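Chain residues, written in single-letter form:
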Amino acid sequence: FALAGTAYMLKDSLFADLFAPAPSQELKGLSKAYLDEQDIPYTTVAKNLSSPWELQFLPNGDMLVTEQVGRLTTIQGDTQTSVDIQNVATVGNSGLRGLEIHPNFADNNRIYLMYTINDGSDYPNVIMSYELKNNILSDPFIILEGILGSKYNNGGRLAFGPDNYLYVTTGD
């Protein structure tokens with residue numbers, strides 16, 4: 001079985017068990033059980049995450065993790081600090097999804113989040129920019145709102161391209 005919501009460091013790469021399979025399902029790919037069975041050394045770097053979706057590293061090496069329930073968690077060594085994002089809808093696969101760090105983060109401390117909001121019926125997605133300093137989010141700025149969504153398959157990956165434009169995946 002896998003420990004849902006646990007992130008592991010394996011050599012120089014990071015992976016997370018994002019979902020625990022149902023008891024009748026066979027776990028595919030890397031898992032704690034597989035690593036133990038193969039005698040591959042690893043280090044647990046985070047626990048008690050609630051459906052982690054995106055992992056990004058800050059320039060100083062701290063790790064940011066988005067959790068579907070609307071929580072942004074910073075992992076600094078053995079310390080986990082979380083910030084709740086307001087107005088995140090967590091129905092089905094919706095919730096806090098994408099995270100991207102601005103290419104000039106060292107100068108402007110900007111991060112970008114994509115999440116689902118509850119407007120009463122349609123579950124639209126929004127892309128927001130925040131300033132992140134000392135594990136505190138401030139200066140929220142709407143980048144794009146009204147992105148069509150649903151309870152399922154909202155996409156939500158964010159990435160800066162080589163042209164320094166922010167790109168986003170939505171839906172299936």
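Residues numbered from 1 in each chain as written. Predicted model: local features only at pLDDT ≥ 70, side-chain atom pairs only at ≥ 80, totals over all residues. Heavy atoms only, no water.

Student: Give a description of the pattern of salt bridges that names residues and reports values.
Tutor: A pair can form between side chains of opposite charge whenever their charged atoms are brought close. Applying the stated rule across the entire model yields 4 salt bridges. With a closest N to O distance of 3.0 Å, Glu67 and Arg71 form a salt bridge. Between Glu131 and Lys133 there is a salt bridge; the shortest N-O distance is 3.5 Å. (Salt bridge = Lys/Arg side-chain N within 4 Å of Asp/Glu carboxyl O.)

Student: Give a detailed account of the side chain of Thr73, specifying residues and quantitative values.
Tutor: Within the secondary structure, Thr73 sits in strand 6 (residues 71-76). Look at Thr73 and you get buried, because its relative accessible area is 0%. A distance of 2.4 Å separates a polar atom in the side chain of Thr73 from a polar atom in the side chain of Glu67. Not counting residues up to four positions away in its chain, the partners in contact with Thr73 are Leu49, Met63, Leu64, Val65, Glu67, Gln80, Thr81 and Ser82. (Helix = DSSP H or I, 4+ residues; strand = E, 2+ residues; numbered from the N terminus. Buried < 20%, exposed > 50% of the residue type's maximum accessible area, 1.4 Å probe, protein only. Polar contact = N/O pair within 3.5 Å; in protein donor to acceptor, adjacent residues only side chain to side chain. Contact = heavy atoms within 4.5 Å.)

Student: Just give me the short version of the nonpolar core, but keep the residues and values in it.
Tutor: Core analysis: the largest hydrophobic core is formed by 18 residues, its most contacted members being Ile85, Ile111, Leu113, Tyr115 and Leu137. Every element with two or more residues in this core is listed here: strand 8 (96-101), strand 9 (110-116) and strand 10 (125-133). Ranked by residues supplied to this core, first place goes to strand 10 with 4 residues. Those residues in contact with Ile111 that lie beyond four places of it in its chain are Leu64, Leu72, Leu99, Glu100, Ile101, Phe105, Met128, Ser129, Tyr130, Leu132 and Leu137. Met114, Ile127, Ile147 and Leu158 belong to the second-largest nonpolar core, a separate cluster that totals 6 residues. (Core = buried A, V, L, I, M, F, W, Y, C linked by side-chain atoms within 4.5 Å.)

Student: Let's hear about the sheet that holds strand 7 (residues 79-84): which residues, and what values?
Tutor: Spatially, 4-5-6-7 is the arrangement adopted by the 4 strands of the open sheet, whose pairing is antiparallel. The open sheet has two edge strands with one neighbour each: strand 4 (52-57) and strand 7. Within this sheet the neighbouring strands show an average axis-to-axis angle of 20 degrees, counted without direction. Here strand 4 runs beside strand 5 (residues 63-67); their pairing, made up of 5 bridges, is antiparallel. Looking at strand 5, one finds that Phe57 is bridged to Met63. (Pairing = 2+ DSSP bridges. Axes fitted to C-alpha atoms, helices over the stretch in contact; angles between N-to-C directions.)

Student: Give me the sheet that holds strand 8: which residues, what numbers.
Tutor: Adjacent strands of a sheet pair through backbone hydrogen bonds, lying either parallel or antiparallel. The sheet built from 4 strands is open, its strands ordered 8-9-10-11 with antiparallel pairing. In this open sheet, the two strands that pair with only one neighbour each are strand 8 and strand 11 (136-147). Mean inter-strand twist for the sheet, computed between neighbouring axes without regard to direction, equals 20 degrees. In this structure, strand 8 lies alongside strand 9, joined through 4 bridges in antiparallel fashion. Among the inter-strand pairings, Glu100 is bridged to a residue of strand 9, identified as Tyr112.

Student: Break down a nonpolar patch on the surface for me, with residues and values.
Tutor: Taken together, Phe141, Ile143 and Leu144 make up a surface patch of nonpolar side chains, about 280 Å² in accessible area. For Phe141, the location among the structural elements is in strand 11. (Patch = residues over 30% accessible without salt bridge, like charges linked within 9 Å, V, L, I, M, F, W, Y side chains within 5 Å. Areas by Shrake-Rupley, 256 points an atom, 1.4 Å probe, with all protein chains shown as cover.)

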